[in-house]
Amino acid sequence: SDDSHEPVEESDSSEDEVAPRNTVGDVPLEWYKDEEHIGYDLTGRKIKKRERKNKLDSFLARVDDSKNWRRIYDEYNDEEVELTKQEVKLIRRLVKGKAPHADFDPYAPYVDWFAWDGAGHPLSNAPEPKSRFIPSKWESKTVLRYVRAIRKGLIKFDEKPKEEPKFYALWDDSSSVERQGLSYIPAPKPKLPGHDESYNPSLEYVPTAEEINSYQLLNEEDRPKFIPKQYTSLRSLPAYGKAVQDVFDRCLDLYLCPRVRKKRLQIDPEMLKPKLPSKKDLKPYPTTCYLEYRGHKGPVTSISTESTGQWIASGSMDGTVRVWEVETGRCLRIWNLEEPIAEVAWNPLPDRPILAVAVGRDVFILNTQCGSEEETKNVEELLHIEPSTANDSSGTASSISSWSRDERHSGIRIKHFKLSKKFTQAIPIKTKGIPVATAFHPTRSTFFKASKKDVLVYDLLKQQRTKKLDAGVRNISSIAVHPGGDNVIVGSKDGKLCWFDMDLSSQPYRVLRSHSKDINGVAFHRSYPLFASCSDDCTALVSHGMVYSDLNENPSLVPLQILRGHSDTNGRGVLDCEFHPRQPWLFTAGADSLVRLYCH
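Calculation criteria
Residues numbered from 1 in each chain as written. Predicted model: local features only at pLDDT ≥ 70, side-chain atom pairs only at ≥ 80, totals over all residues. Heavy atoms only, no water. UniProt positions renumbered as here; feature names shortened; annotations may be inferred. Helix = DSSP H or I, 4+ residues; strand = E, 2+ residues; numbered from the N terminus. Buried < 20%, exposed > 50% of the residue type's maximum accessible area, 1.4 Å probe, protein only. Contact = heavy atoms within 4.5 Å. Salt bridge = Lys/Arg side-chain N within 4 Å of Asp/Glu carboxyl O. Pairing = 2+ DSSP bridges. Axes fitted to C-alpha atoms, helices over the stretch in contact; angles between N-to-C directions. Patch = residues over 30% accessible without salt bridge, like charges linked within 9 Å, V, L, I, M, F, W, Y side chains within 5 Å. Areas by Shrake-Rupley, 256 points an atom, 1.4 Å probe, with all protein chains shown as cover. Core = buried A, V, L, I, M, F, W, Y, C linked by side-chain atoms within 4.5 Å.

The name an unreviewed UniProt entry assigns to the protein is BOP1 N-terminal domain-containing protein, from the organism Genlisea aurea. Quoted verbatim from the Subcellular location (unreviewed entry) field of the UniProt record, the comment on the protein reads "Nucleus, Nucleolus".

Structure representation (structure tokens):
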């Protein structure tokens, strides 16, 4: 083949007289380390590498041939060369540090080539040449060239000599002239040793073995720098192992110490606190538990107060709905719906005491019979509907829900078929995210829908989205609208409560971190400047929230009271809270199957 190449046999003459076969030139041989060839010949064909012997073949060759130890590998020419005896002797002399040739005498006697006896003149007694006394023509030309360069400004001389940098001791008490005008600042003083650094400290300073083992569990920054030990005498005290480290740290303290004098401001720490009104000036607000409503056998998930404040309804996971008298705690009515109750709500009109209960995908509208005989009769006529013979599948209402008479509970049962995507009014706007909580504006046709990350505000008349509130929390759990309609509070599952000022920004005006666990419910009072939040940490927080009519003044938020009393049940605490419509009272529903009333 073209790549094959037969090496030419070399003669017995010296290798200096034979031209090298390899035409690599100055290219490093490492470039051909992973290649099958090593350079090219004069015709441009590749010079293939020879196959190297492995260790086993080299060992067998060394055993068979006694002269094999004289063979070396020439990497440049890719061949094995056998050294002659003369070359071996030369190499051995070089290894021993001797001259290569044995005939060379490094200590030969000195031969003086000149006779110095009686000589009064140097080696040459010839007279000096005339050229040494004539000025040099080339030096004059060089000087003339420099003169012209100086006149043209090509060569410039510094008028002022370079000032050498002045060094001074940084922490020395020297004059200000040497310090270049800087005032003297004393060096920071090192920390003096205490009783624990004594060679024989008291027993109260010496840690036990358990305390020393507990230090290993701490982070390196939190561990004590020095562990005291007791010694019988000063002679038995060993050398300090961290002496070099302490000196290095001291040098760092001196090196990194700030060299600026700062005037200390005499500020009272109490002046830095925000000026909050006194709790006495913000009364009344609920502080103590006044009454407990017992009767449910499961966690109470939802509560709702009647508009007059005389009755309160509660729904539980045991499938029952109860109506209580607020002042006495008497249970007036019980409905067993046989499914966990999700939400209960009273009708806001006082002359129609109707209760709505959400159970799964169904909604029950119940007649509580809490009013007068005339009001009860009007409610019965209002809830009376004719049984429908057939449903029109083409209509929008029938495709969303169906209304039917519930004789067992003396009310109406509304069955929703698409509760996950439809509400009381079908919003024609596509919404992103699963709805977590909803609320209506108290005076305008505005609808609030809270998802896990944000709150969307819709105008039901224009059927369009008007605003998006970004809570910036992990997971929203509840929402409540201020009676004025311009402020919204949002509770989250990371224990944060966000207050939104609708006229100010879409970001939270204030974020309150008042609970250590999930917030399950938030509520505003209808007439008092109060709002509350309840959490799984078995507490309810009552806060003061004053909203001013002046748009230039921001709302005032002051935490007032933490209400306790509910017990933890399966990791759940207070599940819902609701204010009394007329009094500064707060109702709480807990996972311990109790409903509590807190009064001022």
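Caption draft 1: Fine view of the overall build of the protein. Of the regular secondary structure elements, the protein holds 8 helices and 29 strands. Per-residue burial for the protein yields a buried fraction of 30% across its 600 residues. Within the protein, contacts between residues at least 6 apart in sequence are counted, and of these 45% link residues at least 24 apart.

Caption draft 2: Structural context of the pattern of salt bridges. Applying the stated rule across the entire model yields 10 salt bridges. A salt bridge links D65 to R71; its shortest N-O distance comes to 3.2 Å. Residue D65 is classed as partly exposed on the basis of its relative accessible area, which comes to 25%. Take R71: its relative accessible area is 36%, and that puts it in the partly exposed class. Taking the shortest distance from any N to any O, the salt bridge between K468 and D454 comes out at 3.4 Å. Here D454 lies in strand β17 (residues 454-459) and K468 lies in strand β18 (residues 464-470), a separation of 14 residues in the sequence. Judged by relative accessible area, K468 falls into the partly exposed class, the value being 41%. In the salt-bridge network here, residues are joined through shared partners; they are E292, R294 and R596.

Caption draft 3: Fine view of the sheet that holds strand β22 (residues 510-513). Within the open sheet, the 4 strands sit side by side as β19-β20-β21-β22. Their pairing is antiparallel. In this open sheet, the two edge strands, each paired with only one partner strand, are β19 (476-481) and β22. Averaged over neighbouring strand pairs, the angle between their axes works out to 20° when direction is ignored. Two strands pair when backbone bridges link them, and strand β20 (residues 487-492) and strand β21 (residues 496-501) are joined in this way by 5 bridges, in the antiparallel orientation.

Caption draft 4: The arrangement of the sheet that holds strand β29 (residues 595-599) in detail. The sheet built from 4 strands is open, its strands ordered β5-β29-β28-β27 with antiparallel pairing. A strand with exactly one partner marks an edge of an open sheet, and here the two such strands are β5 (288-293) and β27 (574-579). In this sheet, neighbouring strand axes are inclined to one another by 25° on average, regardless of whether the strands run parallel or antiparallel. Sheet topology note: the strand β28 (residues 586-590)/β29 ladder contains 4 bridges and is antiparallel. Bridge pairing in β29 links A589 to V595.

Caption draft 5: Inspection of a nonpolar patch on the surface at higher detail. On the surface, Y146, I150, L154, I155 and F157 cluster together into a nonpolar patch covering about 540 Å² of accessible area. Assignment of secondary structure puts L154 in the loop between α3 (137-152) and α4 (209-216).

Caption draft 6: Structural view of the environment of R465. Along the chain, the position of R465 falls in strand β18. For the pair R465 and F447, spaced 18 residues apart in sequence, the C-alpha separation works out to 9.4 Å.

Caption draft 7: Quick peek at the nonpolar core. F448, V455, I476, I479, V488, V490 and F500 are the most contacted members of the largest nonpolar core, which totals 17 residues. At the level of secondary structure, the elements contributing two or more residues to this core comprise β15 (437-440), β16 (446-450), β17, β19, β20 and β21. The element best represented in this core is β19, accounting for 3 residues. For F448, the residues in contact, after removing those within four places along its chain, are A437, T438, A439, F440, H441, V455, L456, V457, I479, V481, V488 and M502.

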